[in-house]
Amino acid sequence: MITAITFIPVLAALAILLLPGAGRVSKPIALVGSLISSLLAIYVVIGFNLEEGLQFVEKYEWIPSIGVDYYVGIDGLNALLILLVAILSPIIVLASWKIKDKANTYFSLLLIQFTALYGAFTALNFFHWFIFWEAALVPAFFLIKLYGGNGRHKAAISFFIFTVLGSVAMLLGMLFLYLKTGSFDFIELRQLAADGVVSSKLGDWYGWIFLAVMLGLWVKVPLFPLHSWQAPAYAEAPVPVSMVLTGVMSKMGVYGFLRLVVPIFPEGIREHSDILLNVALITIIWGAFLALRQTDIKKVLAYSSLNHVAYCMFAIFAVGAANGIDKINAPAIAMQGAMLQMFAHGVGAAGLFYIAGKLEDVGGSRDIQDFGGLGAIMPRYAFVFGFLVFSSLGLPFLAGFAAEILIFSGAFALTPIHTAIALLALLATAIFLLTIIQRIFTGQAHDTHGDLKEISIREVMVISPLLVLTVCIGVYPTTWLNLSNRFIETLSTLLAG
Amino acid sequence: MNLFDFSDSVGWLMWIPICPLIAGVVLALLKPSGKVSAMVAIAALTVSLGFSLKAFAGTWGHEAHTLTHNFTWIQIAGVNLEFGVVLNSLTGSMLAMVSFIGLLIFIYSASYMSQDERMGRFFCYLSIFMVGMLGLVVANSVLMLFMFWEIVGLASYLLIGFWFHKPSAAAAAKKAFITTRIGDLGFLIGLLWAFKATGTFLFFDGGVGILESSTIAALASNTNVLWGLNGAGVIAVFLFIGAVGKSGQLPLHVWLPDAMEGPTPVSALIHAATMVAAGVFLVARAFPLFLADTAALEIVIWIGGLTALFAALIAIAQYDIKRILAYSTVSQLGLMMVGLGAGGLAIQDGGVSIGMFHLLTHAFFKALLFLGAGSIIHGCGDEQDIRLMGGVFSKMKISSLAYLAGTIALCAFPFTSGYFSKDQILLSAWEANKTVFWISAFASLLTAFYMTRQCCYVFLGKYRGEGHVHESPPLMTVPLVILAVFALLLGYVSEHFYHVLDYLSGVHVHQHNSTVVIISWIIALGGISLGLLVYARAKMGIDDVDPVKRLMTTPYGWLENRLYADELYQLTAFKLWGALAKAISAIEGLIYIMVVVATAIVSMIGQFFSGTIDKKLIDQVSFDGTCKRIYESSQINAFIQNGFLQGYLRIVTAGAVVIGILFLLLAR
Amino acid sequence: MELTLNHFLILSAILFSIGLVGALTRRHIIIMLICLEIMLNAANLNLIAFWHFSPNPELMHGPLFTLFTIAIAATEAALGLALVLAIFRHYQTIDLEQIQGLKE
């Protein structure tokens, strides 16, 4: 089942590329391909039994001599993220509907990307996990480089160099770990770590391997100071690709932390939790304050995304700083907050990029200073935009708040001072987001805006699932949290020591 | 959550915020015409009012009773983050006031906004506001209270910026949201702290809620947690920061006067009667926490007292009718804080009723004043400058009389509602802290003075503006009359109200002190007569200098400029914030340059590899070389394999000969 | 003079050489087939000669072999001629110099 979910998009991509005449119907094929995958994935996640651990397992020997299996399954950690990919992928295809040049290549790259994302989230063996991880990178590179904005070449190259360097470090670290422990299997490695085998086998190398594995994820999340690739890449990528990057790719880093680093190197995180916490905190503040001074709307959103994803890392590292489990189980709350934040931010940020991209479509500029008074001309657009902005700045009963309050509730009990400083970013977020609204929508309309068109109903339909979801997450988060509840309880206990 | 059990549980309280929510969603999605929108919103709020009155009636006579109904919002690893509703006399009276005044203002707005093409949107926002306000009143969870608190903030943002085509309105909306958000961060820390310390978000939860005596005792036993406060005091102070933001106390008061950019009913509903009172309500709700630490109460009275004085001073020198009322609101909110703090210091548990009662009376007379001002502004052709009014009394009798009723209540003229409530505040302050008492007393004197000044400007003399002054339609004047009745007479039920509001002890300690009563008479009458003395015969045109300004030009100039609070923030906080952002951007720039350099180096190394090693060694020598050899050798092969049959045969023969020779040689 | 094995072998070698030289040099494809036939018969002659001078000629190995070879040679000739006809039809010549289809 999972294999089918994973590979249907790539089959669709092959169909677009190889079948004669398929080029003219590349869009419907891409839509159908991603939609089938999505529906299957949603079906699987609905069938996920909350009372049990790993489910829907498929395990086949692949290269037995080096312990490589094809091993996929769904547990509490990836269920929500698979759901996220499933929800976003058809919307992203729809958001790309206006692509005209080289549409075949575009859609096949996009579909390959979806396959890689599904694969990376379901893989339980390092070997093919890494293949998918890298495979997600390559289409993104080409999509930015071929279809991006003016600065696309530079952005694509720095994106590629950063992530590849990180990946190489991670690969080397994991290979070393394999040589010492003889396993590529995440579940097995986790058990080995729990039994103390990992730390005893690695000995003095523990710190280096920990660092190497972290580095790849560090870049992907990204955390300060390895974040500079992010803003140009998000800003220059075509809008649907920005949606993929911010909606799903940035979650891969956090997911990697929870899948690899936390179970395998819990002592490493605990030992360095103060440094890591400070790094996450700096990233939070950094993103928020950088966004304050931007006028390019996509850059603002990119920095805002940097800030929001760093909250997840902040929660994880705060758990690392915990001393055991207290009566309110703050570690579990913080980590569940991180899980929900991944989902909520994925949904919200993808929506924001989509709707911000419309600005460039209709007005031909990404600079917020070129706009004004759109509220009167495009009320529907203003409504959707404002909705997503308020979700992003943490308005209660919308997605962002539910996740952030969990993170803060947990983290405050663990590290009050860090959390109090992190709250400053909430203020900065409110300032820059409201400034955008003020600039774009209020005041007198510019003379040049006379011919601006309201967004169509079709575009509202594309975005509306995200809006509905935002409300659902915000009003009753328990539905989504239940998916990961059991898993996170164990994981946070493991990390909190 | 049990919404349909109307007898045992109090889950039905949730209907009070849900009704306007339904209206808001309907209005947002269906976008009916303005009139229909108004009717939908008013109908929904009427239902809410019905439930609110049921709640209010239920608390009447059951002061110390606290009924709760809690339900789980999020469950994580066996820990519940709970929501709930609470019904006690505080909830009951606040609900009744908010929905009653809300309903009057809705009705007023239906007429006031009837010319606006976005009237439907306006009622949608108003409904959202009522959701938040009523939700925060019924909330039994500090988290839930905070969530509705933020919804209120959103509604305030939307309504202040309702006429967003005016840049000033848009800026004021943003300023309001962000300034209150600064306070909200304090609130957030407070609630996180409470969760950390008590493990629950609930106020009342069968003995283990935050506000229940055992929890408070446990919190207070932790002395000197932060800044010399005890465990309960810290939470109280952080919550108070939230209240400071929402209620426009010093130093976060700057947003409230600007918020007058919104339509006048909004100013009446949100920025006078209800939302700004939410801060006071929060302090009243969390009052046991404040009681547990006198230092927290001291902070409350000092902030409150200073705010009252500061705002009253500024109000003297303003010319915008709504702005004067706005500063007056800030000042009165300060007095409410003084009432709560001083009440807590003077009579412990009973203190909550002192601030809360002023909140209730103030809500009525200030809503009345704002709606009256709206009516006058409407009558004078949307003019807000009092220098361009004058002589309005004879043209708009009902509005003016209602307005005057509100004014004397605000001035604490004896036996109006304001007199009873303010009297109690001064009494408590007298007991608690003499300095704060004199500050509050002076602020009250100034209140009487500036209100008289305003009335002189507006009602006396001849009309100085242009056009024709006309009375407003009955849909606007009827709410005014109703509010006026309440503003004048609410004091006579004060004894009942004090009783009802004493939800903590159930017993009211009646305070009496003849000195204070005499002082408060002097303040009210003295302020009014002083005002009349100065302004009754003064020239008040736009070109004339205000009489007080003639007397003390420089200090009056400061007051006209609102004591430079905004400018101060521009110079300090904004600069600092901007500098921080600039510094971070600069460092980011540096990092980016480093990244570019690193990328360049990497690509140079790459060039080296691809240019030298790759191209020369691997490509040319190894790969290309091999290919060339193979190609060349194929020439030879091609020569041999020429398809010439006898050629092959020759080679076969030659091979056979060679093999034969070898065979012969080796066989030897 | 008595005929010994050597005489036969020399005759057979001469025949084989003639066949070989013919096969290598002659351009005409039918001549070449005939030359191949000569070489085959040289080998047959060898087989018969070795049989004749063997220690126990009553076993009849040599003639058997030879009969087989003759039969094969006959089929080979038939096939060869059929091929020649096909080649002629295709190329309109049977000059081996002209038939270099493999090279192209």
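Residue numbering note: each chain is counted from 1, following its sequence as written. Chains and ligands are labelled sequentially in the order written, the chains with letters from A and the ligands with numbers from 1. The predicted nature of this model means local features are confined to residues of pLDDT at least 70 and side-chain atom pairs, given and counted, to a pLDDT of 80 or more, with totals for whole chains, interfaces and linings taken over all residues.

**Side note on the overall build of chain C**
What counts, and what does not: Every helix listed is a DSSP run of H or I at least four residues long, and every strand listed is a run of E at least two residues long, numbered separately from the N terminus. For the radius of gyration, the atoms used are the C-alpha atoms, and the globule rule reads 2.2 Å times the number of residues raised to 0.38. Two residues form a contact once the distance between their C-beta atoms, set from the backbone, is within 7 Å.
Counting secondary structure elements, chain C contains 3 helices and 0 strands. Going from N to C terminus, chain C has its helices and strands arranged as α-α-α. The C-alpha atoms of chain C give 17 Å as radius of gyration, which overshoots the globular expectation for 104 residues (13 Å, by more than 25%). Dimensions of chain C along its principal axes, counting C-alpha atoms only, are 55 × 25 × 20 Å. Sequence-distant contacts, at least 24 apart, represent 48% of the contacts inside chain C between residues at least 6 apart.

**Focus on the overall build of chain A**
For clarity, the threshold we go by: To assign burial, the other C-beta atoms lying within 10 Å of each residue's own C-beta are counted, with C-beta atoms placed from the backbone; 20 or more indicates buried, 12 or fewer indicates exposed, and intermediate counts indicate partly exposed.
When helices and strands are tallied, chain A shows 21 helices and 2 strands. Its C-alpha atoms give chain A a radius of gyration of 22 Å, near enough to 23 Å, the size a compact globule of 497 residues would have. Its C-alpha atoms give chain A principal-axis dimensions of roughly 70 × 60 × 40 Å. The buried share among the 497 residues of chain A stands at 63%. Long-range contacts, defined as pairs at least 24 residues apart, comprise 80% of the intrachain contacts of chain A with a sequence gap of at least 6.

**Details of the environment of A:C472**
All names here are of chain A. Its place among the elements puts C472 in helix α20 (residues 457-475). The exposure class of C472 is partly exposed, given the 15 C-beta atoms found within 10 Å. For the pair formed by C472 and A399, sequence separation is 73 residues and the distance between their alpha carbons is 7.5 Å.

**Some details on the interface of chain A and chain B**
By a widespread convention, an interface's size corresponds to the accessible area lost as its parts come together. Spelled out, the test is: Only Asp, Glu, Lys and Arg are considered charged in this grouping, and only Ala, Val, Leu, Ile, Met, Phe, Trp, Tyr, Cys and Pro are considered nonpolar; every other residue, Gly among them, is considered polar.
Listed by partner, the interface residues are 45 residues for chain A and 40 residues for chain B. The set of elements that each furnish at least two residues to the side of chain A that touches chain B consists of α6 (152-181), α13 (273-292), α15 (330-363), α16 (374-377), α18 (399-414), α19 (416-441) and α21 (478-496) of chain A. Taken together, the residues that form the side of chain A that touches chain B break down as 29 nonpolar, 13 polar and 3 charged.

**Considerations on helix α1 (residues 5-25) of chain C**
All names here are of chain C. Let me state the cut-off plainly: An expected span of 1.5 Å times one less than the residue number is assigned to each helix. Here, the arc refers to the directions that run from the helix axis to the C-beta atoms.
Taking 1.5 Å of rise per residue, 21 residues should cover 30 Å, and α1 covers 30 Å from first to last C-alpha, within 8% of that figure. For α1, the full list of buried residues reads S12, G19 and A23. The buried residues of α1 occupy an angular sector of 35° when the element is viewed end-on, so they sit on one face. Facing away from the buried side of α1, by more than 90 degrees, are the exposed residues N6, H7, I10, I14, V21 and T25.

**A word on the packing of helix α8 (residues 231-246) of chain B against helix α11 (residues 275-285) of chain B**
All names here are of chain B. Note the cut-off: To define axes, lines are fitted to C-alpha atoms, for helices over the stretch in contact only, and angles between the resulting N-to-C directions are given on a 0 to 180 degree scale. Should an angle fall under 35 degrees it is called roughly parallel, over 145 degrees roughly antiparallel, and 65 to 115 degrees roughly perpendicular, with every other angle called oblique. Should the near helix be turned anticlockwise from the far one by less than a right angle, the crossing is termed left-handed; should it be turned clockwise, right-handed.
α11 packs onto α8 with a crossing angle of 160° between their chain directions and a minimal axis gap of 7 Å. Taken together, α8 and α11 sit at an angle that is classed as roughly antiparallel. The chirality of how α8 crosses α11 is left-handed. Across from L239, F240, G242, A243, V244 and K246 in α8, the residues of α11 making contact are M275, V276, A278, G279, V280, L282 and V283. Of the residues belonging to the contact of α8 with α11, the class tally is 10 nonpolar, 2 polar and 1 charged.

**Re the nonpolar core**
Note the cut-off: Put simply, a nonpolar core is a cluster of buried Ala, Val, Leu, Ile, Met, Phe, Trp, Tyr and Cys residues tied together by C-beta atoms within 7 Å.
Judged by nonpolar contacts, the single largest core of 455 residues is most densely connected at A:F314, A:A315, B:V283, B:A367 and B:L368. Element by element, the count of residues in this core is highest for α15(A), at 20 residues. Residues in contact with B:V283, not counting those within four places in the same chain, are B:F240, B:A243, B:F290, B:V300, B:M337 and B:L340.

**Comments concerning unusual backbone geometry**
Note the cis peptide between A:V221 and A:P222, where omega equals -10°. Here the bond from B:L250 into B:P251 is cis, since omega is -5°, no more than 30 degrees from zero. Residue placement: B:P251 occurs in the loop between α8 and α9 (255-258). Positive phi, close to 50°, is recorded for B:K31, a residue that is not glycine. Its location among the elements puts B:K31 in the loop between α1 (15-30) and α2 (34-59). The class for B:K31 is partly exposed, based on 13 C-beta atoms found within 10 Å. With phi around 70°, C:M60 is a residue other than glycine that occupies positive phi space. Note on placement: C:M60 falls in the loop between α2 (29-52) and α3 (61-91).

**Focus on the confidence of the model for chain C**
Condition: Values of pLDDT, which run from 0 to 100, indicate the predictor's confidence residue by residue.
When pLDDT is averaged across chain C, the result is 84; 90% of the residues are at 70 or more. Predicted complex metrics record ipTM = 0.90 and pTM = 0.82.

**Observations regarding the pairing of strand β1 (residues 67-76) of chain B**
Residue and element names in this part refer to chain B. Heads up, the rule is: We treat two strands as partners when DSSP finds at least two bridges between them.
Sheet topology note: the β1/strand β2 (residues 79-87) ladder contains 9 bridges and is antiparallel. The partner of Q75 across the bridge, within β2, is N80. What sits between β1 and β2 in their antiparallel hairpin is a turn of 2 residues, with A77 showing a positive phi close to 50°.

**Describing the pairing of strand β1 (residues 55-63) of chain A**
The sheet contact formed by β1(A) and strand β2 (residues 68-74) of chain A spans 6 bridges and is antiparallel. In the strand pairing of β2(A), A:E61 is matched with A:D69.

**Describing helix α17 (residues 379-392) of chain A**
Residues and elements named next belong to chain A. Here α17 spans 20 Å end to end across 14 residues, near enough to the 20 Å set by a 1.5 Å rise per residue. Burial analysis of α17 places 10 of its 14 residues in the buried class, which makes it a mostly covered element. Those residues of α17 that sit buried are Y381, A382, V384, F385, F387, L388, V389, F390, S391 and S392. Two residues or fewer past α17, G394 is found with a positive phi of approximately 85°.

**Observations concerning the environment of A:W218**
Residue and element names in this part refer to chain A. When you line up the elements, W218 lands in helix α9 (residues 206-220). For W218, a count of 26 C-beta atoms within 10 Å corresponds to the buried category. In sequence terms W218 and G256 are 38 residues apart; their C-alpha atoms lie 9.6 Å from each other. Sequence-distant contacts of W218, defined by excluding residues within four places in its chain, comprise G166, L223 and L226.

**Focus on the environment of B:R285**
All names here are of chain B. Along the chain, the position of R285 falls in helix α11. The exposure class of R285 is buried, given the 27 C-beta atoms found within 10 Å. For the pair R285 and M356, spaced 71 residues apart in sequence, the C-alpha separation works out to 10.0 Å. Once you skip the residues sitting within four places of it in the chain, R285 turns out to touch L90 and F203.

**Some points on the packing of helix α11 (residues 239-264) of chain A against α15(A)**
Residues and elements named next belong to chain A. Where α11 contacts α15, the two axes come as close as 8 Å, and the packing angle between them is 165°. As summarised for this structure, α11 and α15 are arranged roughly antiparallel, according to the angle between their axes. Handedness of the crossing formed by α11 with α15: right-handed. Here V239, S242, M243, T246, G247, V248, K251 and V254 of α11 lie close against α15, whose contacting residues are A338, M342, G346, A349, A350, F353, Y354 and G357. A breakdown of the residues in the contact of α11 with α15 according to their chemical character gives 10 nonpolar, 5 polar and 1 charged.

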